[in-house]
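# Results of the structural survey
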Amino acid sequence: MTPLASRDDIVALATMPLSRPGETTVPVRMQTEHLVAVERDLQERGVPLDIVEKYFLGLHRCDELPRDLWVGMVTDAYNLAVRSSEAPTYVGVAALEWASRDRLMRWVNAAPDGTMSDAEMIEEYLGEVNPFPDDMHVEVLERDDTGTWSPATIVERTAADEWTVELEDGDHVWRDHTELRPVRPSAHPE
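Rules used in this analysis
- Residues numbered from 1 in each chain as written.
- Predicted model: local features only at pLDDT ≥ 70, side-chain atom pairs only at ≥ 80, totals over all residues.
- Heavy atoms only, no water.
- Axes fitted to C-alpha atoms, helices over the stretch in contact; angles between N-to-C directions.
- Helix = DSSP H or I, 4+ residues; strand = E, 2+ residues; numbered from the N terminus.
- Parallel < 35°, antiparallel > 145°, perpendicular 65-115°, else oblique.
- Contact = heavy atoms within 4.5 Å.
- Nonpolar A, V, L, I, M, F, W, Y, C, P; charged D, E, K, R; others polar.
- pLDDT = per-residue confidence, 0-100.

Geometrically, a packed helix pair is captured by the angle between its two axes and the distance between the axes. Taken N-terminus to C-terminus, the directions of helix H5 (residues 90-101) and helix H7 (residues 118-128) make an angle of 80 degrees; their axes are 9 Å apart at the nearest point. The orientation of H5 relative to H7 falls into the category roughly perpendicular. In this structure, H5 uses Val-91, Gly-92, Ala-94, Ala-95, Leu-96, Trp-98 and Ala-99 to contact H7, whose residues at the interface are Asp-118, Met-121, Ile-122, Glu-124, Tyr-125, Leu-126 and Glu-128. In terms of residue class, the contact of H5 with H7 is made up of 10 nonpolar, one polar and three charged.

What follows is the structure in structure tokens.
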């Protein structure tokens, strides 16, 4: 896993001072220069362009902002982009996207030393959202060490991170978020 960036790491990517001498705000021109450098760094780390765009699009052309707020927002977006590109599960990606839109989660993650671990973020997400509603067609990871995914249907959510799932043969099994994903169109035609 790529290490997350600190506020100091993000400031160090700036190719010019973020504020004019004697001022504490970051003007639009300096924001633009900073974003170019930060986005280039993400691309060099292998973060796909579509993920970079998703988290950084809203930062382009902000009004002049206080320096600490700007650095916190860019650090949050940078870390969300890195984490999203490395998220191993459907729910992991969904939790990161949810956290990037939820005002409280953005505030927590933008605070100094406030970035939640992926496990904490997933736990918060599952407390707020049911990513696998009843009757949803899903794929279930078989527990036979083959890595095979089989079509199934969600019967009910039995706990924050547990669902009863009905397999095609009628058997019911219980799975957590790491063992479920939405069905791929070719795997379960309607």
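Mean pLDDT for the protein: 86, with 92% of residues reaching 70 or above. Across the protein, the secondary-structure element scoring lowest on mean pLDDT is helix H6 (residues 103-110), at 77, and the one scoring highest is strand S5 (residues 162-167), at 96. Ignoring residues within four places in sequence, the model shows residues 185-190, a span with pLDDT below 50, making seven contacts including any to other chains.

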